[in-house]
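# Inside the fold
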Amino acid sequence: MKKHKLSIIILLFISCKIFGQTKQPNFLIILGDDINARDIGCYGAENKNTTPNIDKLASEGVLFKNMFVSEAICAPTRAELFTGLTPNNNGCNVNHAATKEGTLSIVQHLNKLGYRVGLTGKMHFRPESVYPFEIIEGFTKNANYSGTPPEDWDGVSEFINRDKNQPFCLIICSVHAHAPWNAGDSSLWDPNTIVLPKHLVDTKETREYFTEYLAEIKLFDEQVGNARNLLKKNNLDSNTALIVLDENGAGMPGGKWTTYDIGVRSACIMKWPKPYNNKFVTNAITQYCDILPTLIEAAGGEVPSNLDGKSLLPLLKENNTKHREYAYFLYNNTKEGPDYKMRAVTDGKFKLIWNKSENNLYAIRVINGFDFGYVDKMEDRHVRKMYLSWLAKAGYDEDASKIVQRYRKHPDFELYNLNDDPEEMVNLIDRQEFNAKVNELKNALMAHMKNQEDSFYTIN
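Residues numbered from 1 in each chain as written. Predicted model: local features only at pLDDT ≥ 70, side-chain atom pairs only at ≥ 80, totals over all residues. Heavy atoms only, no water.

What the UniProt record of the chain gives under Sequence similarities (unreviewed entry) is the line "Belongs to the sulfatase family." (UniProt positions renumbered as here; feature names shortened; annotations may be inferred.)

## Re the nonpolar core
With 62 residues, the main nonpolar core has Leu170 and Tyr213 as its most contacted residues. Among the elements that line this core, the one with the most residues is helix α7 (residues 204-233), at eleven residues. Taken together, domain 1 (26-323) and domain 2 (328-457) each give at least three residues to this core, which thus spans both. Sequence-distant contacts of Tyr213, defined by excluding residues within four places in its chain, comprise Asp34, Ile35, Asn36, Asp39, Ala177, Trp181, Ala250 and Met252. One finds Phe27, Ile29, Ile243 and Leu316 within the second-largest nonpolar core, a separate group that totals 60 residues. (Core = buried A, V, L, I, M, F, W, Y, C linked by side-chain atoms within 4.5 Å. Buried < 20%, exposed > 50% of the residue type's maximum accessible area, 1.4 Å probe, protein only. Helix = DSSP H or I, 4+ residues; strand = E, 2+ residues; numbered from the N terminus. Domains from an automatic or database assignment. Contact = heavy atoms within 4.5 Å.)

## Quick notes on unusual backbone geometry
Cis rather than trans, the peptide bond between Arg126 and Pro127 has omega equal to 10°. Tracing the backbone shows Pro127 in the loop between β3 (116-121) and β4 (134-135). Across the junction of His176 and Ala177, the peptide omega takes the value 15°, indicating a cis bond. Topologically, Ala177 is positioned in the loop between β5 (168-173) and α7. Positive phi values are uncommon outside glycine, yet His124 reaches one of about 60°. Residue placement: His124 occurs in the loop between β3 and β4.

## Brief notes about the sheet that holds strand β12 (residues 350-356)
With antiparallel pairing, four strands are arranged side by side in an open sheet as β10-β11-β12-β13. Of all the strands in the sheet, just β10 (327-332) and β13 (413-417) have a single pairing partner and so form its edges. Averaged over all adjacent pairs, the angle separating strand axes in this sheet is 15°, with direction ignored. Looking at chain direction, β12 and β13 are connected through five bridges and run antiparallel. The residue bridging Leu352 from the neighbouring strand is Leu415, located in β13. (Pairing = 2+ DSSP bridges. Axes fitted to C-alpha atoms, helices over the stretch in contact; angles between N-to-C directions.)

## Regarding the UniProt feature "domain: Sulfatase N-terminal" (unreviewed entry) in the chain
Following the UniProt record, the feature "domain: Sulfatase N-terminal" (unreviewed entry) maps to residues 25-300 here. Each end of residues 25-300 is marked by a C-alpha atom, and these two atoms are 10 Å apart; helix forms 29% of the span and strand 16%.

## Considerations on the pairing of β3
The side chains of a regular strand alternate between both faces of the sheet. With six of its six residues buried, β3 lies for the most part within the structure. As paired strands, β3 and β4 are joined by two bridges and run parallel to one another. Opposite Leu119, over in β4, you have Ile135 as the bridge partner.

## Quick notes on empty space enclosed by the protein
One pass over the full model with this rule turns up four cavities of 30 Å³ or more. The computed volume of the largest cavity comes to approximately 90 Å³. Lining the largest cavity we find Ser70, Thr86, Asn88, Tyr328, Phe329, Leu330, Arg343, His448, Met449, Gln452 and Asp454. Breaking the lining of the largest cavity down by element, the ones donating at least two residues are β10 and α14 (435-451). Considering every element that reaches the lining of the largest cavity, the biggest residue donor is β10, with three residues. Two domains each donate at least three residues to the lining of the largest cavity, and these are domain 1 (26-323) and domain 2 (328-457). One number sums up the size of the second largest cavity: a volume of about 50 Å³. (1 Å grid on protein atoms, 1.4 Å probe; cavity = no way out; pocket = protein on both sides within 12 Å on 5 of 7 lines; lining within 4 Å. Points joined across faces, edges and corners; volume = space filled by probe spheres on them.)

## Some remarks on the domain arrangement of the chain
By domain assignment, the chain separates into domain 1 (26-323) and domain 2 (328-457). Across the interface of domain 1 and domain 2, roughly 3,800 Å² is buried in total on both sides, 62% from carbon and sulfur atoms. The largest per-residue losses of area from domain 1 upon contact with domain 2 belong to Trp257, Thr259 and Tyr260, which jointly make up 21% of the total buried on that side. Where domain 1 touches domain 2, the interface holds one salt bridge. Taken together, the residues of the side of domain 1 that touches domain 2 sort by class into 18 nonpolar, 16 polar and nine charged. (Buried area = accessible area lost by both parts, 1.4 Å probe. Salt bridge = Lys/Arg side-chain N within 4 Å of Asp/Glu carboxyl O. Nonpolar A, V, L, I, M, F, W, Y, C, P; charged D, E, K, R; others polar.)

## Structural notes on the packing of α7 against helix α12 (residues 382-394)
Two elements in contact, α7 and α12, have axes separated by 8 Å at closest approach and are oriented at 150°. The orientation of α7 relative to α12 falls into the category roughly antiparallel. The chirality of how α7 crosses α12 is left-handed. Residue-level contacts link Glu205, Thr206 and Tyr209 of α7 to His382, Lys385, Met386, Ser389 and Trp390 of α12. Of the residues belonging to the contact of α7 with α12, the class tally is three nonpolar, three polar and two charged. (Parallel < 35°, antiparallel > 145°, perpendicular 65-115°, else oblique. Left-handed = near helix turned anticlockwise from the far one by under 90°.)

In structure tokens:
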């Protein structure tokens, strides 16, 4: 009788192997470029018909409502995603900076577990020794591409089908919706009736460029749909974890290049195969550095203790409501204009921002660097034309003037209630009833900065 039971157990184990129940999952990450999460349908976008494929994926998988990047700039965001380390720890804490030599990335971690790891499209990371991806042709690497870039999916198809016995990790890096905003069909939205975010000045130029931006989001959504169709066509969807991210916020004033929520909050939708194929919406606080540990654990590896990220698998399996107590943010404007630094922390409801520079005057070379004598080689940048229309309106419109001043000059500290004021337009820092919350967040921020060996600040 005991031998009979043992035989059944062995047969069950063998059949599990045969039918793939213990097989390592494939990973497909589709990464957008400079998109605000709030402009995606499943995140409550007020301008409709932009992201049907992403919305469908969200209805079938896990939607993260509190996923954050640590620094809302392209290179630091990608370094955090690919290394599982925050910007100060991986070394890429300003735009265009290199990751520290010797750092292990997603490539080495998954290679050790038997994966081939490829990337197509935009790169914006270095050095190659840290990021030895297999580069797949087919998608443009040029984020500043003017017009709608061509796409060739043949390389992607070959990569995912090369060896059905070897798991793969593929990252498709889109250039949508990075400026210039002149790709796709913007006629799908009427500039006169679209809903603009409150932190943007309502001008003709803002409305026109915002419809172009929406058209680029739709192109990104179509890439998500094409990727899903390719997985299904090749019978890979049942064992592939599909992750869609929108990177940092739009490259418009008050989004990218700041610690405001519009910049650091990222869309994140995951659809997993068994046993993590759950469907729910989570408010747990998560950060980009958590994604690599998740992949390592799902692939059967042991998550290195030196990573800043924590695996999301317990959350995915059990719909845990807690993952992190706080999310932390930084911004170093050392290569994009006058020296300016920000640090910030959120508990999911309140956000504390700490600004430090001479006179707290803030500028980005590509937008308003001319205010401080900085010259940009691309004088026709769309975002600069948008900002110039703001300045013109601020000359005679009080509301426009307030938004421009909010963008250009920041107080030492800012406190926002993200539930009541998601666009962070009302600074609560001087309200005495929030003193305890301010102290709590300051203490949390200081402890984090000490842990990160971040020597930029000492709060008095």
